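Below, each chain spelled out in residue letters.
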Amino acid sequence: MAIQSEQQSVATGVYAGAFADPVFQSQSVFKALMDAMARPGTIQPLGAAANPPAPFGAGAGAIALTLCDDGTPVWLSAALAGSTVPAWLSFHTGAPLTGVRPEARFVFVEAGGLVPGFDQFALGSQEYPDRSATLVLEVAALQGGPAFTATGPGIRDAVTIAPLGLPDIFLTLWNENGAIFPRGIDLILVAGTDILCLPRTTKLRRREV
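All of these numbers come straight from a predicted model, not from anything done at the bench.

Here we look at the sheet that holds strand β3 (residues 106-109)
Argument step 1. If you walk across this open sheet you meet the six strands as β1-β8-β7-β4-β3-β2, and the pairing is mixed. Two strands in the sheet have a free side with no partner beyond their single neighbour: β1 (43-45) and β2 (74-76). On average, adjacent strands in this sheet sit at an angle of 25° to one another, irrespective of strand direction.
Argument step 2. Where β1 lies against strand β8 (residues 194-198), three bridges are found, and the strand directions are antiparallel. Note that in β8 the partner of isoleucine 43 across the bridge is leucine 196.
Argument step 3. Strands β1, β7 (186-191) and β8 of the sheet are contacted by helix α2 (residues 22-38), whose axis makes an angle of about 40° with β8.

Quick notes on the side chain of threonine 149
Argument step 1. Examined against the element boundaries, threonine 149 turns out to sit in strand β5 (residues 148-151).
Argument step 2. Overall, threonine 149 belongs to the buried group, its relative accessible area being 10%.
Argument step 3. The contacts of threonine 149, once residues within four sequence positions are left out, are Ala158, Val159, Lys203, Leu204, Arg205 and Arg207.

Focus: the sheet that holds strand β6 (residues 159-161)
In a beta sheet, neighbouring strands are held together by backbone hydrogen bonds and run either parallel or antiparallel to one another.
Argument step 1. Reading across from one edge, β6-β5-β9 is the order of the three strands in this open sheet, with antiparallel pairing throughout. Whereas interior strands pair on both sides, the edge strands pair on one side only; in this sheet they are β6 and β9 (203-206). Sheet twist, expressed as the mean angle between neighbouring strand axes with direction ignored, is 35°.

Notes on the confidence of the model for the chain
Argument step 1. Mean pLDDT over the chain: 93, with 93% of residues reaching 70 or higher.
Argument step 2. Per-residue pLDDT stays below 50 along residues 2-12; that stretch engages in one contact with residues further than four places along the chain or on separate chains.

Description of the packing of helix α3 (residues 58-67) against helix α5 (residues 85-93)
Argument step 1. The contact between α3 and α5 brings their axes to 9 Å, and the two run at 40°. In terms of crossing hand, the pair formed by α3 and α5 is right-handed. Together, Gly61, Ala64 and Leu65 of α3 and Trp88, Leu89, His92 and Thr93 of α5 make up the contact between the two elements.
Argument step 2. Tallied by class, residues from the contact of α3 with α5 come to four nonpolar, three polar and no charged.

Here's the deal with α2
Because the α-helix completes a turn every 3.6 residues, residues three or four places apart line up on one side.
Argument step 1. When the terminal C-alpha atoms of α2 are compared, their 24 Å separation across 17 residues agrees well with the 24 Å that a helix rising 1.5 Å per residue should span.
Argument step 2. For α2, every residue scored as buried is listed here: Gln25, Ser26, Val29, Ala32, Leu33 and Ala36. The arc that holds the buried residues of α2, viewed along the axis, is 125°, so those residues lie on one side. Away from its buried face, by an angle of more than 90 degrees, α2 presents the exposed residues Val23, Phe24, Gln27 and Lys31.
Argument step 3. On its buried face, α2 sits against β1, α3, β7 and β8.

With respect to the state of the cysteines
Argument step 1. Counted according to the given criterion, the structure contains zero disulfides.
Argument step 2. Sulfur of cysteine 197: no disulfide; nearest cysteine sulfur belongs to cysteine 68 and is 14 Å away.

Focus: the pairing of β7
Argument step 1. Among the six residues of β7, six are classified as buried, and the element is accordingly described as predominantly covered.
Argument step 2. Here β7 shows two buried faces, one formed by Asp186, Ile188 and Val190 and the other by Leu187, Leu189 and Ala191.
Argument step 3. For β7 and β8, the ladder comprises five bridges, and the chain directions are antiparallel. Pairing of leucine 189 across the sheet is with leucine 196, part of β8.
Argument step 4. The loop that links β7 with its antiparallel partner β8 comprises two residues; one of these, glycine 192, has a positive phi angle of about 65°.

Re helix α6 (residues 170-178)
Argument step 1. Regarding α6, the residues found buried are Phe170, Leu171, Leu173, Trp174 and Asn177. Buried residues along α6 cover an arc of 160° about the axis, so they all sit on one side.

Calculation criteria
- Residues numbered from 1 in each chain as written.
- Predicted model: local features only at pLDDT ≥ 70, side-chain atom pairs only at ≥ 80, totals over all residues.
- Heavy atoms only, no water.
- Pairing = 2+ DSSP bridges.
- Helix = DSSP H or I, 4+ residues; strand = E, 2+ residues; numbered from the N terminus.
- Axes fitted to C-alpha atoms, helices over the stretch in contact; angles between N-to-C directions.
- Contact = heavy atoms within 4.5 Å.
- Buried < 20%, exposed > 50% of the residue type's maximum accessible area, 1.4 Å probe, protein only.
- pLDDT = per-residue confidence, 0-100.
- Left-handed = near helix turned anticlockwise from the far one by under 90°.
- Nonpolar A, V, L, I, M, F, W, Y, C, P; charged D, E, K, R; others polar.
- Expected span 1.5 Å × (residues − 1).
- Arc of directions from axis to C-beta.
- Disulfide = S-S within 2.5 Å.

Structure, rendered in structure tokens:
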């Protein structure tokens, strides 16, 4: 009986947790993502949340429900891939999972998870720079961490960002990503149901105290 109850609980977790109003909520999330990409470094509320299986967060789940479909291969970090998240994503979005990093259109890493080198994923080409991956990285918070100065398109003069929970090597990874423009990944940082986007056009430098 205990095993049957556990199986039922897992099944419920896979089938539940999507948007209650898929059209309205996905539109809200998509608008927030577009606004955040157009205004890099600003913190934006998604306006909707999902309830995916752990360790997938509410905001990351909402982004997956909005952006992923049967034409967007997804790569998941080891912790996400080893949970019921793959089944949840498959059931609600139809997105195929891939273990081949350059094939992925979307990459998801949970808060505190190991972040692979950005160059391991699809970076696009000079002719088709849009054929690159978008990395959705969950962090502890979008404020309270080491400060960076961000400049570039969509930013008037400069803006300070200070996400908490980025890997120590993050600035090196980001600068290497910017060096191959127009190729490169785009980054969505998520904490709860708030986001901060860094398109590949954004330049970062460590802010001096």
